[in-house]
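A structural walkthrough
Residues per chain are reported as follows:
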Amino acid sequence: MNLDIETALRGAARRTPGQSDAAAARFGRRALDEGLVDVAYAHVDSPLGQLLAATTENGLVRLSYLGFRDEDATLQALADDVSPRVLEAPARLDGVRRELDEYFEGRRSSFDLAIDWSPMADFQRRVLEATVAIPFGRHASYGEVAQRAGSPRAFRAAGTALGRNPIPIVIPCHRVWAAGGKLGGYTGGIERKRALLELEGALQPELG
Amino acid sequence: MALPAFQAFFDTHRDDVLGFLTALIGPNDAEDAFQETFVAALRAYPRLRADSNLRAWVLTIARRKAIDTARARGRRALPSDDLPETPTPPAPDGQPELWAAVGGLPERQRAAVFLRFAGDLTHRDIAAVMEASEDAVRKNVSDGLKKLKETLA
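Residues numbered from 1 in each chain as written. Chains lettered and ligands numbered in written order. Predicted model: local features only at pLDDT ≥ 70, side-chain atom pairs only at ≥ 80, totals over all residues.

Turning next to the overall build of chain B. Each helix and strand counted, chain B has seven helices and zero strands in total. Each helix (α) and strand (β) of chain B, taken in turn from the N terminus, gives the series α-α-α-α-α-α-α. For chain B, the proportion of its 153 residues judged to be buried stands at 48%. Restricting the contact set of chain B to residue pairs at least 6 apart, pairs at least 24 apart contribute 64%. (Helix = DSSP H or I, 4+ residues; strand = E, 2+ residues; numbered from the N terminus. Buried ≥ 20, exposed ≤ 12 C-beta atoms within 10 Å, placed from the backbone. Contact = placed C-beta atoms within 7 Å.)

Below, the structure is given as structure tokens:
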């Protein structure tokens, strides 16, 4: 009977998820070998929770706190802002992972990673370049960063640009504080900002 | 609506594509055709319209690659409707007779029957995948079912 065959076909085709895992791993290697991956990403564990790091051939293009913005949204943003040819390729992020590990272990105070500035608008780029220049353990105000970015009156816009920092930690927007010694906001939540500043010795751990 | 990141697209469709290729050309060749399918998809991906039917699109590529792979093996060309039987695809739920019978169908019927029932595609989407008219596809499905019924009777 046709109906039985249809049911059998439907049932037989219900496959265990992951049956293509081996083929998928092979495909990932081949896509890299053929230079077809515009954005390679990987998960990186850190004391501040899991991160998603992404790189192009120009350099690091994204570092997201997955506890703050989920993976789907992060990947979609990369597809929209950089290129839809986004693939998971952990080996491409080995250098990034190593420098982040060293930083969190207190063995590194500046990053030697190349940054891909190309997806950023000009003003944001100037603000974030000024932010990179703030040394480990120090801090600056939004107004000071705006001034160094060449737009001294644009401190609100500088705050917005910092709030949309696509590469926190490496572009150290946690070193930018509000006026009057207040910490201000942070792309990963204020607790993460505090933790980074404590790690750098710029802030005393809170007692009690 | 924007194109999803390729990894998300790939993870959504890779099991379906491998299943389809396995039904078309058997497990050994399916693995090679799988690689060719997604390499071609990745190459073309940035130029794809964001509102495309991604599932139909990748299955269309897969079917073309299955035909190429089978040709490269020196078999008779797949598009003809008198294809010799292919290796039996693995039967995940222990239905070897069923899959042997599907493997024995002419290629167009095999593809259409698989997409209709295993892939749960509409006739319209199957027509897109097979680059044929909806009427032709309906006939492929019903002829294929009829033949399966005879074989399995």
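From this point, the discussion proceeds with the structure in view.
The next point concerns unusual backbone geometry. In this model, I169 of chain A sits at a positive phi of 75°, which is unusual for a non-glycine residue. By secondary structure assignment, the location of I169 of chain A is in the loop between α7 (155-163) and β6 (176-177). Despite not being glycine, D120 of chain B shows a phi value in the positive range, around 55°. Counting through the fold element by element, D120 of chain B comes out in the loop between α5 (107-118) and α6 (123-130). Residue classification places D120 of chain B among the exposed positions, given that 11 C-beta atoms sit within 10 Å.

It is worth spelling out the sheet that holds strand β2 (residues 51-55) of chain A at this point. Residue and element names in this part refer to chain A. The four strands lie next to each other as β3-β2-β1-β4, forming an open sheet whose pairing is mixed. Two strands bound the open sheet, and with one partner strand each, they are β3 (60-65) and β4 (86-88). Ignoring strand direction, the axes of neighbouring strands in this sheet form an average angle of 25°. Of the pairings in the sheet, the one linking strand β1 (residues 39-44) to β4 comprises three bridges and is parallel in character. Residue pairing in the sheet places A40 in a bridge with L87 of β4. Packed onto the sheet, helix α4 (residues 94-104) meets β1, β2 and β3 and runs at close to 35° relative to β1. (Pairing = 2+ DSSP bridges. Axes fitted to C-alpha atoms, helices over the stretch in contact; angles between N-to-C directions.)

Residue and element names in this part refer to chain A. Along its sequence, chain A is carved into domain 1 (34-119) and domain 2 (122-199). Here domain 1 and domain 2 have C-alpha centroids that lie 20 Å from each other. If you look at the interface, domain 1 gives 13 residues, while domain 2 gives 11 residues. Taken together, the residues of the side of domain 1 that touches domain 2 break down into 10 nonpolar, two polar and one charged. (Domains from an automatic or database assignment. Nonpolar A, V, L, I, M, F, W, Y, C, P; charged D, E, K, R; others polar.)

Taken together, the contact between chain B and chain A spans 33 residues of the former and 35 residues of the latter. Looking at the side of chain B that touches chain A residue by residue, the classes come out as 23 nonpolar, four polar and six charged.

Right, let's talk about the packing of helix α1 (residues 6-25) of chain B against α5 of chain B for a bit. All names here are of chain B. Where α1 meets α5, the closest approach of the two axes is 10 Å, and the angle between their N-to-C directions is 145°. You can see that α1 and α5 cross each other, and the crossing is right-handed. Packed against α1, whose contacting residues are G19, F20, A23 and L24, the element α5 presents R110, A111, F114 and A118 at the interface. Class assignment of the residues belonging to the contact of α1 with α5 gives a composition of six nonpolar, one polar and one charged. (Left-handed = near helix turned anticlockwise from the far one by under 90°.)

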